[in-house]
Amino acid sequence: MSVFFDHRAGTNTSSVHTDIQWHPTFALLAVATKIDDADNEAQGAVSLFFDEGEPVEDINIQKNCAPTTMSWHPTRKILSVGWENGDITLWNEHEHEGSCASDGHKAPVNILSWSSNGTRLISGDERGVMIAWRCDSRGQLHQLQNYQKRSSYTHCIFRPVAGGQDPFYNNYTALARAAVEGDETALDMFGTWNKSGMGNSLLSQPGQMYAAESLSCYIGSEDGIIFHIDEKLVLRECANVETMIKSMLIYEAKNILVVVTTTMMLIQFSCAPDGSLSELMKVKLSGKSSITCVVWTGPGLMATVAGEDVVRLWDLDKDNNFSLGGALDQINCLTYSASKRILAGGLVNGKIAMWQHRAGSYAQEHWIVLPAIELSDSFIQIQWSPAHSLLAANNISDVIILNEQPISTSISVQSAVVQISPYHVQLETLDPPNILSIRTDIHIRGVSNSEDHVVLWNSKKIVVYEINEEKNFARLAGTFDIDSPLTAIYQQTVFTADTSSITARNFQGTIKQTMSLAEQEGIPISIDICGHYLVIATDNGFVKGWDISRRESRQYISPKNISESLPDTSLVTKVKINCNGTKIAIQLKKVNGEPDSRLLIWYVEQDILLGYDFSAGQTIHPISENGSAGVETAAVEQSNSEDVSRRYPREVLWDPLDPRLLVVQASPLSVDIADKSHIKKPTPTGVFRTKSSAEKKPELDDRIVSLFATADNGVLLHDSFPMEPGFHKLLGVSVPSFYFILQPEDVQKADGSISAVPNGNASSGETRTEGLKERVSAVTMRNFVGLEKSNSEVRQAMLDFAYHLTIGNLDEAFKAIKLIKSETVWENMAKMCVKTRRLDVAALCLGHMGHARGAQALRDSANEPELNARVAMLAIQLGMLEEAEQLYMSCGRYDLLNKLYQANNQWSKAIAVAERHDRIHLRSTYYNFARHCELSGDIGAAINGYEKSETHRFEVPRMLFENVQELEAYVIKSKDKKLLGWWAQYLESNGEMDSALQFYQAAEDIMSFVRIWCYCGRFDEAISIASNTNDRAACYHLARQLENQERFTEAVQFYGKAQAYTNATRLCRANQLDSELISYAMYSTEDDMVICARYYEETGANWDKAIMLYHKSGQVGKALELAFEHQQFTALQHITSNLDSSVEPETLHTCAQFFLEHQQYSKAVDLLLLAKKYLEALDICIDKHISITEDLAEQISPEKDAEPEYKRVLFERIGECCMLQGAYHLATKKFTQAGNRVKAMRALLKSGDTEKIIFFAGVSRQKEIYVMAANYLQRLDWRKDPEIMKNIITFYTKGRALESLSGFYDACAQVEIDEYQNYEKALGALSEALKCMNKAKMQDVSSQEAKINFLKRRISLLKKFVQARRTYEEDVDEAMKQCLLLLEEPDLDTGVRSGDIYGFMVEHYATAGDYQKAYHLVQELKQRLPNASLAYYVNNTVLEQIKRNVGLDEPTIGAAETPGIEEEIEEEIPEDFGF
């Protein structure tokens, strides 16, 4: 709630005001003026004004032509002005006359637009010239680029900073550092910020010095072309809307450019990163005439006016629109304040209409109409200041500045003062109630009152009135001129504040005492008096207090710097002192101007800081001198702290008599904080910025919170409750009442407007008492309901009781009220127990109250598991229904909440709870609601309730049975089949057959329809209906009637349609309808099938049908018996195809023999398997060559519980059969199941599956199987597969077949010699063979000895040759001697091939050049091995070399003899043999 002070800007009365512009940050208004006075040389000027209409001195911005456009620098006090002659003036606060740029434009300048940080300025004129300028730190312009186009430019809008970065400085320490270093921009911004927070905080988002700046922009021209200028000053055409642009806006959240044309077309373009545009949507706007003004009013919400008395709002996100009315006249112009969420419109009748958006979505229902402000003349332009609560209005002849200020209030023990207009206050005495109106001639900026006096002041003057309560009259007691932002009154003294002191004055202004402040303490920003104590706070965070009870005020508190005691940089804004001066409540705000959620309390005597955090709903622990938090030992957990969370302390008041009681009005943080980001971040014109939806908090209400503050227990939450919507704010507290200021509905006139009183129209000191309405409302505290008139002792006792109950000290609480006999006191105490959840105390209170019903209900609720549910029952018994509602919600007992709503006839809430949370009781809720409506006579609502409870089929006929016509109408309208059928039965009972038939037909009750036709003897109609519908009940009833009429064939047919097959077969047997009998018997019961089969058997015909029925009924033996007896082979085939193990084995065996006789061997095997004749079935498979598949083998396999020997024999028989049929893998499986792994291995060896053989050998772990696997693997090409060779060695080793392993190593050695001439590896292999042979345990010892000796001899020969080859590297002659001696060994070829020795020697002599010796050795080799190929031992190249050097022409030693030499094998046996 606020009032508007109107200030007329001191402009020339003969001039025409063409434009007004607020500075984005400072309270400076620029007014462009065109002077019509012909004698005046200057024809145009621009003036600057402060917030109260006072002109800025030494301003000289004028020319002999009219100004055409203006634009403020976004952060500095720099104003750019465009003129008709093309000049551009740049004024700044340092050069009051400004600089002029006249070298760019020659035509009227019509656009001026700054970038977000103000480093670039775009100007354009009517001839199509556009210039980009750079602004330096001194405020001088430098031309960057000049553009020439055909048409005039109309709009320019810079694109927002990418990512929504803040275009301002982000840390005030960095800002101060930049200012010290000489940055004039930083110096200018730093000068606007003051630490007390009373100025504008331009600081946010700490962490970076400067934010990025977007230098690209869009330009709109007169012919509808949209251009884009990028950061490199490249101009290009982006789009063409084909008509003149009226407005151009940017929706930053969606990166959309919005264009409104003069033809009322709304076009949306998507903006690409490179600036190109793509059209998204194009629609036609509605309105009586062309659009005159377009502004943003929310995220994606655009407001327009078009010569109407309504504002049209267009939601671009949801693609819909709505209108705001209530203006009562044509609207010329619009402006929107994002910080206040107020849309203002200037009317042709001189009023300013306002609409405010409440918290929540931006739908139409969240906008309310505010009282209009009545001024004079029609307005052509209005504009909100982006950073202040200032509204400027231009009606061509005058410029009026409306300065919004919250209403001033004050309260003392006996009276309260409320401002109701800029010049008018109302004094209300509290007890007894009385109203006194006081009017004065000053703009009231503040009020203060004592028991007998009222002080009114503004920035220039203080007026004191003496109140005569007996005569109900206010007398002027004194007045004096002084500029004091803070004033307070105590008895006969007025305390005023200046920058360095607090002064005590009498009512005429005479100084009685001056209380000085030290320079470091700062400037006073808050003052408060309570009892005999005065306290102040300064902008440097100091708190200081005086005892003013004596003639000379005495400082009793040492100054304390609260800011230094805080762990952050929050600032002190207000202080409040309690009645005995022992505690001071301190309100804070953050550096960026947002309110702080903490309320601090300075305990003066203990010198500690405690408090309460309304954001988290928690007590603040003691804060030490260094700003750190300690541990609070006496903290009490508060049960209702969640109710006050997410808020901040807006108003703080101490009780004037009790030093413990503190009352706070806690307002939601989301209401004020969430929107302040709009005004703290000035943006380019037309760009709307908003927080993301994730940052928005749910809507909350203001709550009144009472706290107890004591040194022993700290700060304790006592109570909280929501503030009534009709209250504006908390004014004061005095036990037993809270005092609130009412919303000022009586300020409004009949047409809903508020008059702004001009200066000098109010008489000084005028008082009035008639026709006044109360502005202050008293609300009794919960604890004192019924004790409003009690004496001070009772009040103190109740207050002590509340305090002790809050800290949990029940003994002291009872002592406080033990002498009070009032039933009301005990009731209040019981209500306190609802908050404290103390049901034991509540039971005692109910007993003192004599509330037997409540005590019984409390005992009955003891079975409820949730504490809150039991407390809710107590609240219900005490009439605290809202508390009970909240308690049920908190514990999730929506069933009990539903019952509560029903008991209080809150049926809409009960139904809503049932639909959302208690669906199990939804139908019963609707039923109870219907019963309530029925008893109330609301038949329509009762019917609806019964229908939703699904009880309407009984309840509605019962309710309407007395009114047959209304009941029939309901039945017809409902179209409910059951109701229609019930009504048809009712008509049938009354003999109205035709009507009954109609309702039966509507109810689709075919059975009743047929029943009536049969009753009337009209069987043809009944047969037709039953045949068409196939309704079973109808067909059955018709069949019974036809049977009674001896129409048996038709009766059988309809019994069949009714699926009454027993009746159908009965009639068929009774009437020899044999052909129809089988078709119904097949669908009948098993007993009926047997009866029908016996019927066929007795008749001696249709044996196949009898067999079929016996088989179908489950009597397979009987069916087979008849089939064999009467040679029914087809039936027998059908029966046996469906046989299973449940049939007797003898029967299955008989059937198998039958199939064997008819050479159907597979079928016989299957039946034998069902009969568990496995061996017999297996013999048939072997004899008749039936392939045994995997499935058949599994069927032949015995059961798990069979005898082991039987299982072994059967598995071996199956395996042998599989071996005979070549199914080796299956045989392996069966032999394995039989436990004969050797046979399984043999079967697997026959399969040749090497991988499975290796695996099976590995898992079997039998010596014989290892040997068998190794023998198999040795038959493979193990030379090329090292893995196979490794497995051979492993299996021989595991199988203890050392003789075989020795032989394998011997074979490996021979391979090394024959294929690779690798005698070293051969020697290693023979060594391993010798080791194995030595370990072997052969039965023939002599044979083993012979083999060992043979291996030793071979090893000896190999060692000699290997030694000779090794010696060759050291002593060639010795190596040759050893080779010659080796050649003389008698059994040389058993170990070493003589050809290899000759080859070694030949190659040596050839290499040494002794070709004759080499030739001689070649001849010896040929003689010793006449059939051998020389090339096998000696390289062909060496042979050719010898031939050439000995002079032989014939190939006597050559390669011609060896045409079949095999290529050398590439693969090598791994060197590692495993030894």
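Right, let's walk through the structure included here. (Residues numbered from 1 in each chain as written. Predicted model: local features only at pLDDT ≥ 70, side-chain atom pairs only at ≥ 80, totals over all residues. Heavy atoms only, no water.)

Attention now goes to unusual backbone geometry. Following Val-735, the chain continues into Pro-736 via a peptide bond in cis, with omega recorded as 20°. Tracing the backbone through its elements, the reader meets Pro-736 in the loop between β60 (727-734) and β61 (737-742). In this structure, Gln-491 takes a positive phi of about 55° despite not being glycine. Here Gln-491 is to be found in the loop between β41 (487-490) and β42 (493-497). Even without being a glycine, Glu-950 presents a positive backbone phi close to 60°. Considering the arrangement of structural elements, one finds Glu-950 in the loop between α16 (939-948) and α17 (952-960). Residue class for Glu-950 comes out partly exposed when judged on its relative accessible area of 48%. (Helix = DSSP H or I, 4+ residues; strand = E, 2+ residues; numbered from the N terminus. Buried < 20%, exposed > 50% of the residue type's maximum accessible area, 1.4 Å probe, protein only.)

Attention now moves to helix α14 (residues 907-916). The complete set of buried residues in α14 reads Trp-907, Ala-910, Ile-911, Val-913 and Ala-914. Across the axial projection of α14, the buried residues extend over an arc of 160°, all falling on one side. In α14, the exposed positions angled more than 90 degrees off the buried face are occupied by Ser-908 and Arg-916. Residues of α14 that are buried make contact with α13 (894-903) and α15 (922-936). (Arc of directions from axis to C-beta. Contact = heavy atoms within 4.5 Å.)

Below, the discussion takes up the pairing of strand β21 (residues 277-284). Both strand β20 (residues 265-271) and β21 contribute to a ladder of seven bridges, which runs antiparallel. Bridge pairing in β21 links Gln-268 to Met-281. Between β20 and β21, which pair antiparallel one after the other, the connecting turn spans five residues, and Gly-275 there sits at a positive phi close to 95°. (Pairing = 2+ DSSP bridges.)

Looking at where Arg-159 falls in the secondary structure, it is placed in the loop between β14 (153-158) and α1 (172-180). Here Arg-159 sits buried without a salt bridge, and the closest side chain of opposite charge, Asp-274, lies 6.3 Å off (N-O distance). Apart from the residues within four sequence positions on either side, Arg-159 is in contact with Ser-214, Ser-216, Cys-217, Tyr-218, His-228, Ile-250, Asn-255, Cys-271, Ala-272, Pro-273, Asp-274 and Gly-275. (Lys, Arg positive; Asp, Glu negative; His and termini not counted. Salt bridge = Lys/Arg side-chain N within 4 Å of Asp/Glu carboxyl O.)

It is worth spelling out the packing of helix α45 (residues 1394-1408) against helix α46 (residues 1411-1424) at this point. One way to put it is that α45 packs onto α46 with a least axis distance of 8 Å and a crossing angle of 165°. Between α45 and α46, the angle falls in the class roughly antiparallel. Of the two elements, α45 crosses α46, and the hand of that crossing is left-handed. Of the residues in α46, those in contact with Ser-1394, Gly-1395, Tyr-1398, Met-1401, Val-1402, Tyr-1405 and Ala-1406 of α45 are Tyr-1411, Lys-1413, Ala-1414, Leu-1417, Val-1418, Glu-1420, Leu-1421 and Arg-1424. When the residues that make up the contact of α45 with α46 are grouped by side-chain class, the tally is ten nonpolar, two polar and three charged. (Axes fitted to C-alpha atoms, helices over the stretch in contact; angles between N-to-C directions. Parallel < 35°, antiparallel > 145°, perpendicular 65-115°, else oblique. Left-handed = near helix turned anticlockwise from the far one by under 90°. Nonpolar A, V, L, I, M, F, W, Y, C, P; charged D, E, K, R; others polar.)

Moving on, we get to the nonpolar core. Met-1241, Ile-1397 and Ile-1442 are the most contacted members of the largest nonpolar core, which totals 89 residues. Membership of the second largest hydrophobic core comes to 67 residues, among which are Phe-929, Leu-979, Ile-1078 and Leu-1109. (Core = buried A, V, L, I, M, F, W, Y, C linked by side-chain atoms within 4.5 Å.)

Across the sheet, four strands lie side by side as β37-β38-β39-β40; this open sheet has antiparallel pairing. The sheet is open, and its two borders are formed by β37 (446-449) and β40 (473-481), each paired with just one other strand. Between one strand axis and the next, the sheet turns through 20° on average, direction left out of account. Sheet topology places strand β39 (residues 461-468) next to β40; eight bridges connect them, and they run antiparallel. Counterpart to Val-464 in the pairing with β40 is Gly-478.

Moving on, we get to the pairing of strand β4 (residues 44-49). A regular strand places its side chains so that they alternate between the two faces of the sheet. With five of six residues buried, β4 is to be regarded as a mostly interior element. Pairing geometry for strand β3 (residues 29-35) and β4, over six bridges, is antiparallel. Bridge assignment links Leu-29 to a residue of β4, and that residue is Phe-49. With three bridges connecting them, β4 and strand β5 (residues 61-63) associate as antiparallel partners. For Val-46, the partnering residue across the bridge sits in β5 and is Ile-61.

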